Amino acid sequence: MRVWVTRTEPGASRLGSRLVDAGFEAWVRPVLEIEPISDPPPAGQFALTVFLSGHAVESAVRNGWNETPAMAIGKTTRRALERHGIDARTPDRSSSEGIIASLAADPPQSLLIAAGEGGRGLLEQWLADRGIPAVKWCLYRRVTRPGTLNPSEVIDAIVGSSEAALRVVADMWFSSSRSANVAMLVPSERVAESARALGFTRVFVTEGAGDEAVVAAVRRIAH
């Protein structure tokens with residue numbers, strides 16, 4: 001089974017290696033690149049910083065983040081913080097919904113959201129609805145890497161990491177007259193809805209965005 005890994009680096013190569021170790025063939029071809037943004041930390045004191053990706057961690061540290069208690073959206077982001085000697089808690093679900101559920105019982109007095117440009121804004125809206133002061137710190141932007149698919153390129157499954165990535169993937173996939181029935185793996189039901197709207201008919205939601213969850217999902221599809 002040959003899997004197209006579309007997520008950004010360095011996560012793409014890491015997942016590709018995990019898939020190969022599990023006995024699959026991986027085609028590592030990201031459709032987005034990460035462009036860091038140089039921006040000092042927002043003024044003020046924050047009770048908690050929530051990191052929405054490993055890219056946000058690296059850029060925040062480079063930009064002089066003033067350490068506060070931290071929350072990571074998932075295990076990969078938590079490991080990125082640990083590499084800098086920072087402990088962080090994670091929600092039960094690796095998603096904005098998971099963060100909200102984790103914060104609901106004991107909301108912070110103020111929050112700094114370390115993330116990339118764009119995104120859903122679900123966490124920001126939840127905080128605003130409850131009158132919790134919050135600032136989004138945009139630390140990187142996603143740059144598309146569109147291209148064409150060689151007709152001889154065999155692909156049995158695709159790992160789609162985000163709605164932005166899916167739009168590029170769909171354009172590349174359907175412009176080369178590929179089947180809508182390819183196995184599409186996505187990290188959440190929200191992204192799954194986008195995949196279906198773009199025309200993919202065989203969509204699987206993995207149990208989180210981590211490498212382990214994706215490999216486990218590929219195993220289930222293969223067998």
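Residues numbered from 1 in each chain as written. Predicted model: local features only at pLDDT ≥ 70, side-chain atom pairs only at ≥ 80, totals over all residues. Heavy atoms only, no water.

Undergrad: Is there a simple way to think about the sheet that holds strand β4 (residues 48–51) in this case?
TA: Strand pairing within a sheet occurs via backbone hydrogen bonds; the two strands may be parallel or antiparallel. In spatial order, the strands read β6-β5-β4-β7-β8; together these five strands make up an open sheet with parallel pairing. Of all strands in the sheet, those with a lone pairing partner are β6 (88–89) and β8 (134–138), marking the two edges. Two elements, strand β5 (residues 70–72) and β6, share two bridges in a ladder whose sense is parallel. Bridged to A70 within β6 is A88. Contacts from helix α2 (residues 54–62) reach β4, β7 (111–115) and β8, with the element oriented near 130 degrees to β4. Against the sheet, helix α4 (residues 96–104) contacts β4, β5 and β6, and its axis sits at roughly 140 degrees relative to β5. (Pairing = 2+ DSSP bridges. Helix = DSSP H or I, 4+ residues; strand = E, 2+ residues; numbered from the N terminus. Contact = heavy atoms within 4.5 Å. Axes fitted to C-alpha atoms, helices over the stretch in contact; angles between N-to-C directions.)

Undergrad: Would you mind showing me how to read helix α5 (residues 122–129) here?
TA: Since there are 3.6 residues in each turn of an α-helix, residues three or four apart along the chain are aligned in direction. For α5, every residue scored as buried is listed here: L123, W126 and L127. When α5 is viewed along its axis, its buried side chains cluster within an angular range of 95 degrees and face the same direction. More than 90 degrees from the buried face of α5, the exposed residues found are A128 and D129. Considering only its buried residues, α5 is in contact with β4, α4, β7 and β8. (Buried < 20%, exposed > 50% of the residue type's maximum accessible area, 1.4 Å probe, protein only. Arc of directions from axis to C-beta.)

Undergrad: For this particular structure, what's the right way to read the pattern of salt bridges?
TA: With the rule as written, the count across this model stands at eleven salt bridges. With a closest N to O distance of 3.6 Å, R145 and E33 form a salt bridge. Of this pair, R145 sits in the loop between β9 (140–144) and β10 (157–159) while E33 sits in strand β3 (residues 32–36); the two residues are 112 residues apart in sequence, bridging distant segments of the chain. Judged by its relative accessible area of 42%, E33 is partly exposed. Among the salt bridges present, the one from R190 reaches E163, with a minimum N-O distance of 2.5 Å. Here the residue R190 occupies a position in helix α7 (residues 189–197), and E163 occupies one in helix α6 (residues 163–175), the gap between them amounting to 27 residues. Among the ionic contacts, a cluster of salt bridges with common partners joins R2, E25 and E153. (Salt bridge = Lys/Arg side-chain N within 4 Å of Asp/Glu carboxyl O.)

Undergrad: Which parts of the structure should I look at to understand the sheet that holds strand β11 (residues 183–186)?
TA: One open sheet accounts for five strands, arranged β2-β1-β10-β11-β12; its pairing is parallel. Each of the sheet's edge strands pairs with one partner strand only, and the pair in question is β2 (25–28) and β12 (202–205). Averaged over all adjacent pairs, the angle separating strand axes in this sheet is 25 degrees, with direction ignored. The sheet contact formed by β11 and β12 spans four bridges and is parallel. Its bridge partner being in β12, V186 is matched across the sheet by V205. Each of β1 (2–5), β2 and β10 is contacted by helix α1 (residues 11–21), which is oriented at about 170 degrees to β2, the strand it contacts most.

Undergrad: Would you mind showing me how to read helix α8 (residues 211–222) here?
TA: Here α8 spans 16 Å end to end across twelve residues, near enough to the 16 Å set by a 1.5 Å rise per residue. Every buried residue of α8 is listed here: D211, A213, V214, V215, A217, V218 and I221. In this structure, the buried residues of α8 make contact with β1, α1, β10, β11 and β12. (Expected span 1.5 Å × (residues − 1).)

Undergrad: How do you make sense of the packing of aromatic side chains when you look at a structure like this?
TA: Here a ring pair, both rings aromatic, is described through the centre-centre distance and the interplanar angle of the planes. In total, this model carries three aromatic pairs according to the counting rule given. Seen from their ring centres, W4 and W27 are 5.3 Å apart, and the 45 degrees between their planes marks the pair as tilted. One end of the pair, W4, is in strand β1; the other, W27, is in strand β2, and 23 residues separate them in sequence. Per residue, the accessibility class of W4 equals that of W27, and both read buried. Ring centres of F51 and W65 lie 5.0 Å apart, and the angle between their planes is 90 degrees; on these two criteria the pair is classed as edge-to-face. A residue pair is termed long-range when its members are at least 10 positions apart, and F51 in strand β4 and W65 in the loop between α2 and β5 qualify at 14 residues. Taking the relative accessible area as the measure of exposure, W65 reaches 9% and is therefore buried. Seen from the ring of W173, R178 lies directly overhead, with NZ or CZ sitting 5.2 Å from the centre. (Phe/Tyr/Trp six-rings, centres within 6.5 Å; stacked < 30°, edge-to-face > 60°. Lys NZ or Arg CZ within 6 Å of the ring centre and 35° of its normal.)

Functional significance is not addressed by these values, which are geometric in nature.
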